[in-house]
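# Per-entry structural report
So you can see what is in the structure, the chains are spelled out below.
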Amino acid sequence: MELHDALAELVRDHGREILADDAGFRGVLDDVLAEDQASTGDINLLVDAVRFDVLTPLVTMIDGGADPTRAVEEAGLRLARDRGGDQGSCSWAAAVLGYAVGKVPAPVIARYRSQRRTTDLPPPGAPYSPPPAAQWPSPSAPPASAPPTSAPPSSWPPAAPSSSPSSSPSSGPSSWPPAAPSSSPSSGPSSWPPAAPSSSPSSGSSSWPPAAGGGRRRRGPVLWVAAAVAGVVVVVGGVTAAVLAGGGDDPAPGPDPSPERPVDVSAAAIDERYRALATSISTGASDCEAQDPGPGQGEVVQCAVPAGVLRLVTYADEDALSAARSARLDYRAGTMTADNGTTALYEFDPERAGTSDPALVYWDSRPALQSVTITGDATAKIDSVVASYKQTQPRVQSPTSPAHPTLREFINLNMDISECTRQRTFFVDETEESRCKVPGNSLVVNVGRYTSAKGMKGNRRYYRSKHKEAGKNGGKQGGGGTWQLGDGDPEGAYYAYRDADGRTATVYWDWDKADCYCYGVAWSFDGNLAALEKWWPSDE
């Protein structure tokens, strides 16, 4: 049985409560799962996903109408940010938990499983089972009685078995072990284990690392020493064979690996590197530290700011930035989103969304291949996060007016678009929302656009029900049905009514034009329904 199916069965048998406590959840997995169902790394990752409460926002997004794949990407990005690690693996963990509670389909899990390594290694400090010394694989796997006939690989894991090494055996390894260049081979690996190869070693083992009879969590520390000694034997044997094959000549020295350059996290250096995003990105920042870059990232710097945490990322290429942007720019309630292709900006207000997620501001630059995220701490409001954003003198500005061309056309039907100002959305799946003033009138008007007709029609059903309700509970119904331009065909829905207490009159209208998915709502808080309908050129 696949791991995700086993977990779904556990939830069916014992309820979702087993996903509420990470310590209890780990105990259940250790007791129930067979050794071949999950690696220690898989279990660590799933337990961390429970500990960081990945499931709650994931379910909230999907129940709110978000596409499961998009929701999993967002949940994985959050887990990667909170826990560390690559987004692909974290998204896999989110998908597995979502599948277990019936919110994520199996194909989404398969998508992320295909992107993960053969063995997902545990984070530092987690228990790990190294392979026994007797099964240490060598790239060429010569008979045990014969001396090695080829040099050890210049990197680990070795290249795919189908390609034979073409480098001279006298070159020797360029770096061994693969960890810090300054380490001597005899000191043993400074980072264990090396990354797992995508296919089985040439020794014929069906899994990597090769299994030992003791089990995933029962191997002792003695094997670490044995494996390290075996690694040294492989290296020394390879060098000896190179000398013999070369007729006794001294082997040519291998390339001297250059030490990794430290990341300069001084304020001046950070301001210089990220000047495409802000004039002074370090303003208000302290305790800046370089973080381990994830896949597709060249540099990650994290600093403390008064509102929370500032995170700076430089990407390896445009695809990596596009993936990060796509994962960040969602359409939850409480968002402000702008993307012109070259730059993008995103704000999230948890109070408006009704969630406990942190407030944040994100912006990026495609030409610079860089992004900035300011994430508020547990008590930070969106206003304090925006203040930290503005302090940096950002070169990517928050949008101030309606952006989508069809929405602008919709607004211009009966309002002046210059009187409309962008605001964070109130509803899930809105791409944007604005509040518009009506000169010489006390009306309050909101206009917005959904990602699809489905969202707009859901809004339409709500206001249609309120229109019907007004005719039954002592309120007053105005026009209801459709509106059109002149004598033309119906263009969209229209509902006008006054509530039962007589204090609020409402007009709702939307537009069926392709690619619009637009709506407008106008309120008169003095209850003057006649004046409201006179303002709006309805079909009544």
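In what follows, the accompanying structure is described. Quick caveat: nothing in here was measured; it's all calculated off a predicted structure.

With that settled, the discussion passes to the nonpolar core. Counting residues in hydrophobic clusters, the biggest one holds 41 residues, and the most contacted among them are Leu19, Phe25, Trp92 and Leu97. Broken down by secondary-structure element, the contributors of at least two residues to this core are α1 (3-14), α2 (22-32), α3 (40-51), α4 (55-63), α5 (68-83), α6 (87-100) and α7 (106-113). At eight residues, the largest contribution of residues to this core is made by α6. Contact partners of Phe25, with chain neighbours within four places excluded, come to Leu7, Ile18, Leu19, Leu46, Val47, Val50 and Leu97. In terms of nonpolar packing, the next biggest core, distinct from the first, is built from 25 residues, Leu407, Cys436, Tyr494 and Trp509 among them.

Overall, the coordinates contain 11 aromatic pairs when judged by the stated rule. Ring centres 4.9 Å apart and planes at 85 degrees place the aromatic pair Tyr462 and Tyr463 in the edge-to-face group. A relative accessible area of 44% means that Tyr462 is categorised as partly exposed. By relative accessible area, which is 7% here, Tyr463 ends up buried. When the centroid spacing of 6.5 Å and the interplanar angle of 45 degrees are considered together, the rings of Trp535 and Trp536 count as tilted. In terms of burial, Trp535 and Trp536 fall into one category: buried. Of the aromatic side chains, those joined through ring pairs into one cluster are Phe410, Trp483, Tyr494, Trp509, Trp511, Trp535 and Trp536. Taking the ring centre of Phe426 as reference, the NZ or CZ of Arg352 above it sits at 3.9 Å.

Our focus in this paragraph is the state of the cysteines. One pass over the full model with this rule turns up three disulfides. Note on cysteine connectivity: Cys420 is disulfide-linked to Cys436, with sulfurs 2.0 Å apart. Between Cys420 and Cys436, the S-S dihedral sits near 110 degrees, and the bridge is therefore right-handed. You can see Cys420 sitting in strand β8 (residues 420-423) and its partner Cys436 sitting in strand β9 (residues 430-436), a full 16 residues away along the chain. Two residues, Cys516 and Cys518, share a disulfide whose sulfurs are 1.9 Å apart. In this structure, the disulfide formed by Cys516 and Cys518 twists by about -115 degrees around the S-S bond and is classed as left-handed. The burial state of Cys516 is the same as that of Cys518; both residues are buried. Across the chain, the disulfide pattern expressed with sequentially numbered bonded cysteines is 1-2, 3-4, 5-6.

Attention now moves to the pairing of strand β3 (residues 308-315). Judged by how many residues are buried, β3 sits mostly within the fold: six of eight residues are covered. As defined by bridge partners, strand β2 (residues 297-305) adjoins β3 across eight bridges and the pair is classed as antiparallel. Of the residues in β3, the one forming a bridge with Glu299 is Thr314. Linking two consecutive strands that pair antiparallel, namely β2 and β3, is a turn of two residues. Relative to strand β7 (residues 370-376), β3 runs antiparallel, the two sharing seven bridges. Considered in β7, the bridge of Thr314 is made with Gln370.

Below, the discussion takes up the environment of Asp264. Structurally, Asp264 is set in the loop between α8 (222-245) and α9 (267-273). In sequence terms Asp264 and Glu289 are 25 residues apart; their C-alpha atoms lie 9.0 Å from each other. Discounting residues that sit within four places of it in the chain, Asp264 has contacts with Ala269, Ile270 and Arg273. Of the polar contacts made by the side chain of Asp264, one reaches the side chain of Ser266; its length is 2.9 Å.

Relative to the assigned elements, Ser91 resides in helix α6. Given a relative accessible area of 1%, Ser91 falls into the buried group. Leaving out residues up to four positions away in the same chain, Ser91 has contacts with Val72, Glu73, Gly76, Leu77 and Tyr112.

The rules we used
- Residues numbered from 1 in each chain as written.
- Predicted model: local features only at pLDDT ≥ 70, side-chain atom pairs only at ≥ 80, totals over all residues.
- Heavy atoms only, no water.
- Core = buried A, V, L, I, M, F, W, Y, C linked by side-chain atoms within 4.5 Å.
- Buried < 20%, exposed > 50% of the residue type's maximum accessible area, 1.4 Å probe, protein only.
- Helix = DSSP H or I, 4+ residues; strand = E, 2+ residues; numbered from the N terminus.
- Contact = heavy atoms within 4.5 Å.
- Phe/Tyr/Trp six-rings, centres within 6.5 Å; stacked < 30°, edge-to-face > 60°.
- Lys NZ or Arg CZ within 6 Å of the ring centre and 35° of its normal.
- Disulfide = S-S within 2.5 Å.
- Pairing = 2+ DSSP bridges.
- Polar contact = N/O pair within 3.5 Å; in protein donor to acceptor, adjacent residues only side chain to side chain.

Fair warning: the whole summary comes from geometry, so function is off the table for now.
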